[in-house]
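# Observations on the three-dimensional arrangement
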Amino acid sequence: MRLLLLACLRARTGNATTAARIQNHLHAAGHICILKDAFGCESPTEIANLISTEKFDAALAIHLYKGGRLLQGSRVPFGIIFGGTDINEDIRCEEKHRVMGTVLGEARFAVAFTMKMKELAAAEWPDARKKIYVQTQGIKTTPSETFDWYRFLQNADIPTDVDNLHIFLLICGLRRIKDPLYLVDVFSDWHRKEPSIHLGIIGPAVDPLFTSEVKEKVKRAPGVHLLQEMSQDDLHAAMKRCFAVVNSSISEGMSAAILEAMDLDIPVLARNIPGNAAIIKHKDTGLLFSDPQEFVVLSKSLMNDPIMKREIVRKAKDYVKKHHSWECERKTYQNLVLRLQ
């Protein structure tokens, strides 16, 4: 089958990572799967013409609004993969809600990352309940063997001669919904008292205006560093060397960075929001904080209690193995795509 896969592919955002994984799964089953960036597309007509010209048999879209709106009235069968902000945020906008309802009505199937996400969607569009499948994100980490940690620290202006260095990594696309500035002030205060504590923020400049705000703020924040983007393999290697991975998003579908950290045996501290609480059990597979001050308290407890840290890491790794199998995700998409024949 020749498939079109629509997603917002700007840099290394969550949707782009999911798209690459799904493309890989479908190629492995012998399908041809072409990725198309939904970001620059204006209308369903543009995509309808592309489908006709390129002779696609079927289509998939990631994000019910951003990708799905372009498949309204499609002549070929299609499926939808929820992104996260579509169900958590866009649902509140009347016009987007109307468009998403139409798209979901036309889709052969939809995929939600969590049961909670399925329930939220089914509450809005009850007729679609039976076509929504739950498939968690499959995780596979590939840390680079040749990654140079000391050069990484030097490039970030983090001193390498400090005893007991503790690097926290916040991995996200630079946009408001990810709220990368949420912990900056509290981190700087902490760094002033304990200079071995550093926060590295790393991710694509998704929103150029907001990225400028982040750069300005970080410039004036000792102990906080805006890091250069890097390849997936190098990022996984950097994660393996840091003390903990942080997530401070206002809203999440399912954070791949959190799951990758768990797979790499690195503890996670995440903001207590539904998307994060769906994959982290507090003080069991990770730590959930509700405000910046609680973040510091929990971080210190993690630093001072190596036994607790070891247990959290072990349980998180078990959780990922059990619930986020890459092979299981592969089978699901290879089976679901047969519904588009």
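The name an unreviewed UniProt entry assigns to the chain is Glycosyltransferase 1 domain-containing protein 1 isoform X3, from the organism Apteryx mantelli.

Right, let's get into the UniProt feature "domain: Glycosyl transferase family" (unreviewed entry) in the chain. With numbering aligned to this structure, UniProt lists the feature "domain: Glycosyl transferase family" (unreviewed entry) at residues 167-317. The annotated region residues 167-317 carries 46% helix and 17% strand content, and the separation between its end C-alpha atoms amounts to 20 Å.

Another point: the packing of aromatic side chains. The tally for this structure, following the rule as stated, stands at 10 aromatic pairs. Judged by centre distance (5.4 Å) and plane angle (75°), the ring pair of F168 and F187 falls under edge-to-face. With F168 in strand 7 (residues 166-171) and F187 in helix 7 (residues 184-193), the pair connects residues that are 19 residues apart, well separated along the chain. Assessed through its relative accessible area of 0%, F168 is described here as buried. By relative accessible area, which is 0% here, F187 ends up buried. Between the aromatic rings of F168 and F295, the centroid separation amounts to 6.0 Å while the plane-to-plane angle is 65°, which identifies the pairing as edge-to-face. In this pair, F168 is assigned in strand 7 and F295 in helix 12 (residues 292-304), connecting sequence segments 127 residues apart. As far as the burial class goes, F168 and F295 line up, both buried. Sitting over the ring of F56, R2 keeps its end group 5.0 Å from the ring centre.

A separate point is empty space enclosed by the protein. Evaluation of the coordinates by the stated rule reveals 3 cavities of 30 Å³ or more. In this model, the second largest cavity occupies a volume close to 80 Å³. Around the second largest cavity sit N88, T114, K116, M117, L120, E252, G253, P274, G275 and A278, which together line it. Take the lining of the second largest cavity: its biggest share by element is 3 residues, from helix 5 (residues 115-124). Looking at the lining of the second largest cavity residue by residue, the class counts come to 4 nonpolar, 4 polar and 2 charged.

Bringing the side chain of N247 into the picture now. Secondary-structure assignment places N247 in strand 10 (residues 244-247). Polar side-chain contacts of N247 include one of 3.1 Å to the backbone nitrogen of S249. Within polar-contact distance, the side chain of N247 engages the side chain of E252 at 3.1 Å. Look past the residues within four positions of N247 in its chain and what remains in contact with it is L170, E252, S255, I258, L269, A270, R271, N276 and F289.

What counts as what
For every chain, the first residue of its written sequence is number 1, and the numbers climb from 1 along that sequence. A pLDDT threshold of at least 70 governs which residues receive local features in this predicted model, and a stricter bar of 80 or more applies before side-chain atom pairs are shown or counted, although totals over entire chains, interfaces and linings include all residues. The basis for the side-chain values is all heavy atoms of the structure; hydrogens and waters are excluded. UniProt positions are given in the numbering used here, feature names are shortened, and annotations may be inferred rather than shown by experiment. By definition, any uninterrupted DSSP run of H or I lasting at least four residues is a helix, any uninterrupted run of E lasting at least two residues is a strand, and each is numbered from the N terminus. Classification of ring pairs rests on two measures: the distance between centres of Phe, Tyr or Trp rings, Trp counted by its six-membered ring, which must be within 6.5 Å, and the angle between planes, read as stacked under 30 degrees, edge-to-face over 60 and tilted in between. Note on classification: 1.4 Å probe, protein chains only; a residue is buried when its accessible area is under 20% of the maximum for its type, exposed when over 50%, partly exposed between these limits. A ring has a charge above it when a Lys NZ or an Arg CZ is no more than 6 Å from the ring centre and no more than 35 degrees off the ring normal. Within this scheme a cavity is a closed region of a 1 Å grid, computed over the protein atoms alone, that accommodates a 1.4 Å probe without allowing it to escape, whereas a pocket is open but has protein on both sides within 12 Å along at least five of seven lines; lining residues each have an atom within 4 Å of a point. Grid points are joined across faces, edges and corners, and a volume is the space filled by probe spheres set on the points. All amino acids are sorted into three groups, where Ala, Val, Leu, Ile, Met, Phe, Trp, Tyr, Cys and Pro are nonpolar, Asp, Glu, Lys and Arg are charged, and the leftover types, Gly among them, are polar. The term polar contact refers here to a pair of N or O atoms within 3.5 Å; inside protein, the definition further demands a hydrogen-donor-capable atom paired with an acceptor-capable atom, and it admits residues adjacent in sequence only when both atoms are side-chain atoms. Residues count as neighbours in contact if any of their non-hydrogen atoms are within 4.5 Å of one another.

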